[in-house]
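Coordinate analysis (summary)
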Amino acid sequence: MRRQPLAISLTISLAIVLGAMGLAITSSQAAPVAQAMPPQARMQAWEDHVRMERESVFSDLEWRAVGPQQAGARVEAIAVPPGNNGTIYVGVGSGNLWKTTNNGITWTPIFEKESTFTIGDVAVSQSDPNIVWVGTGETQPRHSGYSYAGTGVFKSINAGETWQNMGLHDTHHIGKVLIDPRDPDVVYVAALGHFWTRNDERGVFKTADGGSTWEKVLHISDRTGVVDLVMDPSDSNILIAAAWRAVSGEATVSGLESGLYKSTDAGASWVKLTVGLPPWPLGRAGLDFAHSDPDVVYAFIDNWGPYTGEQAESRRPREIIGGEVYRSDDKGDTWRKVNEEDLYPVFGIYGWKFCDVHVSPENEDEIFILGNRAFHSTDGGKTYERIGEEILRLHDTRGEIMHLDHHEIWIDPLNADRVLLGNDGGLFISYDRGSTWLHVNNIPAAEAYAVTTDMAEPYNIFIGTQDNAALYGPSDKAIGDMPTDPWENVYLDMWTGGDSFVILRDPTQENIVYYTHQHGHMLRMDLDGESVYSGRESTEEIAPEAPEGEPEWRRSWYMPFLISHHNPLTLYAGANVLLKSLNRGDNWFAISPDLADEGGGERAVVPFGTITMIAESSLEPGLLYVGTEGGSIYLTRNDGAEWTKVSDGLPAKWVSRVIASQHEIGTVYASFTGFREDDFEAYLYASPDFGETWTPIRGNLPSESINVVREDPTDADILYVGTDLGVYVSLDAGESWHSLSTNLPTTPVHDLVVHPRESELVSGTHGRSAWVLDIEPIRNFER
């Protein structure tokens, strides 16, 4: 029987942000403007991070990298030194920079201990292949997912052995680095800027002295940056830039600032290109010159004009024109649309946050365009065929087709049959112009959202990843221990990937697991079933749905859920209400009122947000906490019959974790992140009295966004924290902290699990897969 509406001890007022409707907003109505952390503070935090690593009493502890490898990851950038067939540089979105000298047989991470891990672009000098530049910060804005801000541009003069940060710290997201082929000291950087807040350090920057000084040569506004930049191969004075307004975490266009700009004097002056281009505001654009005929330039543009064709009804929710290909035969002065069919309704391809185009070095009429899918044209962009789907994988994933979401392509200038492709599934190599592919999925760079473990011997690790589904593997096998990757997919979606989050093994039936896709699409799966594909015969759909006639339950991109400590048949899941099932997800009912937050910032309409975290006490049935996107924390001690807000005085920021103590019944921990406001401060609190009072326990932690806090089950004074740059431990309940990152790469740690049987800490990183640390020395450390 479904419960009736429940009481709440707090009245949540509902206000509408009139500014989102174009009306005036009073100061009492407006949400506070987010304040980005200054770049000087970020760099000081990095110095503190390095010092804590160096001085840590646990600096000799060694993490064990356990994988997976086969999952691949989001490859954002590819660079190959001129004339070198074996050396490849690959930049993984949030997984550092990797290098191979044997065409992908083995890889070495070469950007391990820098102030950032997120890669926007990599470039190798044509005149001196020892000079390598890296622009940091991904350029794929995602409101719900993670697209991390970098710390500027880096330079190596020894082919990646060592690096120097060359500045531009506040650019956050760099789309392109161009090195003048005539003079390696002349470098251009296309910077998109902050995703969440306004800033001036965006546009095109130029150095003529190898990075010692920089000049901003193209600045459009504090909201519009530059995402792509190309140079005429016959005249390095000619540049074309793609400007894109992308603020507030989504690709947004207002006004006509986005568009194409051209310089004929090496960046000294610019003109906006309009002849033949769409009159509508433009979204993202990708650009490329043809080396076989430098008069020819292509632009793959996400046209934000309204779509009015016959398929308009089928295009929802993107009722815009979308991806279009334009060609210029006069170095960009005039343009014409060349695609004869609408790319979105015919091919299902759009530009949006991907949007790239590359021209064959042999033929100006042969191009590849990249969006959610990749297509090949041999008639100047008029007609297209999808790239080949015949794939050989180094590590079997049981995937059947090419992965979605393509970000980078490199065509060998000496052999156009050789093509390197980067997408959300990793790196692919073709030797026949994209007809067949080798999936080089041996880089351990999975982007984990959540990590869990089971009680098998040896125990297994389960991770839910960004667009590479859910996987599980043995905890005792380090990468390299076996010739093949021992990890297996829990499931795959029909596109050989899938966004996945919490994965929980049923404690009473080891063949049964629960998992979620994006937006709370929840399933129960039999691991012994015949099909690995989500939604087929091995799975049962158990997503929570509101009863007919009642308000819809609003489920977020990342819906938290858990199996009750007190009854393995009972599940809890977080939407805008807290949901409960008594029969393993077959039926659901709400046990809270709507807990949506007020506010929402400049572009939001309130109420907004959902529950981000749930914690159930293992000591008292019915004692539950939930945290929300807007920073609220709620408590119930009677399984939802009554709720109390217990977050007064805490930051009004995204609740990244709530933990009910397994040692003291009234103790609760909470962490918050300002990541979505360009605020990278550390927010960590503890309460001894069910949230009635809170004490900050960040102690000497550096200013790094905190994603997770965990107790050690053997000692209430030992706490672990995972941040966007590493792992820390406290031996005194948060008064002071020690780094555990000395032998861990710079990587965002999204989740931590202390195994209940083994003395091991498991780290789920968003870019470097899973790691395991022996914590017996921590537990035995003399205090």
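Look above for the structure.
In this text the structure is predicted, and so the values were computed from the model without any measurement. (Residues numbered from 1 in each chain as written. Predicted model: local features only at pLDDT ≥ 70, side-chain atom pairs only at ≥ 80, totals over all residues. Heavy atoms only, no water.)

Regarding the nonpolar core
- Ranked by internal contacts, the top residues of the largest apolar core, which has 28 residues, are Met-522, Trp-553, Tyr-558, Phe-561, Leu-579 and Trp-588.
- Where this core is concerned, the elements lending two or more residues are β31 (448-453), β39 (561-563) and β40 (571-574).
- Ignoring anything within four residues of it in the chain, the contact list for Trp-588 reads Met-522, Ile-542, Ala-543, Pro-544, Trp-553, Leu-571, Tyr-572, Ala-573, Leu-579, Lys-580 and Ser-581.
- One finds Phe-195, Trp-196, Trp-244 and Ala-299 within the second-largest nonpolar core, a separate group that totals 22 residues. (Core = buried A, V, L, I, M, F, W, Y, C linked by side-chain atoms within 4.5 Å. Buried < 20%, exposed > 50% of the residue type's maximum accessible area, 1.4 Å probe, protein only. Helix = DSSP H or I, 4+ residues; strand = E, 2+ residues; numbered from the N terminus. Contact = heavy atoms within 4.5 Å.)

Remarks on helix α1 (residues 39-55)
- For α1, built from 17 residues, the straight-helix expectation of 24 Å at 1.5 Å per residue is met to within 8% by its first-to-last C-alpha distance of 24 Å.
- What α1 keeps buried is the set Pro-39, Arg-42, Met-43, Ala-45, Trp-46, His-49, Met-52 and Glu-53.
- Contacts from the buried residues of α1 go to β9 (164-165), β49 (679-687), β53 (727-730) and β54 (738-739). (Expected span 1.5 Å × (residues − 1).)

Description of the pairing of strand β20 (residues 320-328)
- Counting buried residues along β20, nine of its nine residues qualify, which places the element largely inside the surrounding structure.
- Judged from the eight bridges that link them, strand β19 (residues 297-306) and β20 form a sheet pairing that is antiparallel. Considered in β20, the bridge of Ala-299 is made with Tyr-326.
- Pairing of β20 with strand β21 (residues 336-337), which is carried by two bridges, proceeds in the antiparallel orientation. In the sheet register, Arg-327 faces β21, and the bridge partner there is Arg-336. (Pairing = 2+ DSSP bridges.)

So, the packing of aromatic side chains
- Tallied over the entire structure, the rule returns 16 aromatic pairs.
- Ring geometry for Tyr-146 and Tyr-148: centres 5.7 Å apart, planes at 25°, overall stacked.
- Under the relative-accessibility criterion, Tyr-148 is labelled buried at 2%.
- The rings of Phe-117, Tyr-146, Tyr-148, Tyr-449, Phe-501, Trp-557, Tyr-558 and Phe-675 are connected pair by pair, giving a single aromatic cluster.
- Positioned above the aromatic ring of Phe-690 is the side chain of Arg-637, whose terminal nitrogen or guanidinium carbon lies 3.9 Å from the ring centre.
- Cation over ring: Arg-676 sits above Trp-654, and NZ or CZ is 3.6 Å from the ring centre. (Phe/Tyr/Trp six-rings, centres within 6.5 Å; stacked < 30°, edge-to-face > 60°. Lys NZ or Arg CZ within 6 Å of the ring centre and 35° of its normal.)

Describing unusual backbone geometry
- Omega for the bond connecting Gly-67 with Pro-68 falls within 30 degrees of zero, at 10°, which places this linkage in the cis form.
- Within the element layout of this structure, Pro-68 appears in the loop between β1 (63-67) and β2 (75-79).
- At Lys-331, a residue that is not glycine, the phi angle is positive and equals roughly 60°.
- Within the secondary structure layout, Lys-331 lies in the loop between β20 and β21.
- A positive phi angle, near 60°, is found at His-519, a position not held by glycine.
- Mapped onto the secondary structure, His-519 falls in the loop between β36 (512-516) and β37 (522-526).
- The class of His-519 is partly exposed, set by a relative accessible area of 41%.

Here we look at the side chain of Thr-171
- With respect to the helices and strands, the residue Thr-171 is situated in the loop between β9 and β10 (174-179).
- Judged by its relative accessible area of 0%, Thr-171 falls in the buried class.
- Among the polar contacts made by the side chain of Thr-171, one reaches the main-chain carbonyl oxygen of Leu-168 at a distance of 2.7 Å.
- The residues touching Thr-171, leaving out its near neighbours within four places in the chain, are Gly-152, Ala-191, Gly-193, His-194, Glu-201 and Phe-205. (Polar contact = N/O pair within 3.5 Å; in protein donor to acceptor, adjacent residues only side chain to side chain.)

Some details on the sheet that holds strand β55 (residues 749-754)
- The sheet built from four strands is open, its strands ordered β1-β57-β56-β55 with antiparallel pairing. Since the sheet does not close on itself, it has two edges, and those belong to β1 and β55, each with one partner. In this sheet, neighbouring strand axes are inclined to one another by 25° on average, regardless of whether the strands run parallel or antiparallel.
- In this structure, strand β56 (residues 760-765) lies alongside strand β57 (residues 770-774), joined through five bridges in antiparallel fashion. Following the sheet pairing, Ser-763 is matched in β57 by Trp-771. (Axes fitted to C-alpha atoms, helices over the stretch in contact; angles between N-to-C directions.)

Examining the sheet that holds strand β34 (residues 488-491)
- The strand order across the open sheet formed by four strands is β31-β32-β33-β34, and the pairing between neighbours is antiparallel. Looking along the sheet, the strands with just one partner apiece sit at the ends: β31 and β34. Strand-to-strand twist across the sheet, computed as the mean angle between neighbouring axes with direction ignored, equals 25°.
- With five bridges joining them, strand β32 (residues 460-465) and strand β33 (residues 470-474) adopt antiparallel strand pairing. Looking across to β33, one finds that Ile-461 is bridged to Gly-473.

Digging into the pattern of salt bridges
- In this structure the tally under the stated criterion is 39 salt bridges.
- Between Asp-228 and Lys-176 there is a salt bridge, with the nearest N and O atoms lying 2.9 Å from each other. Of the two residues, Asp-228 is situated in strand β14 (residues 224-232) and Lys-176 in strand β10; the sequence distance between them amounts to 52 residues. Note on accessibility: Asp-228 and Lys-176 belong to one class, buried. (Salt bridge = Lys/Arg side-chain N within 4 Å of Asp/Glu carboxyl O.)

A closer look at the environment of Tyr-459
- In this structure, Tyr-459 sits in the loop between β31 and β32.
- Take Tyr-459: its relative accessible area is 2%, and that puts it in the buried class.
- Sequence-distant contacts of Tyr-459, that is, excluding residues within four places in its chain, are made with Thr-453, Asp-454, Gly-473, Pro-474, Ser-475, His-755, Arg-757, Glu-758, Glu-760, Val-762 and Val-772.

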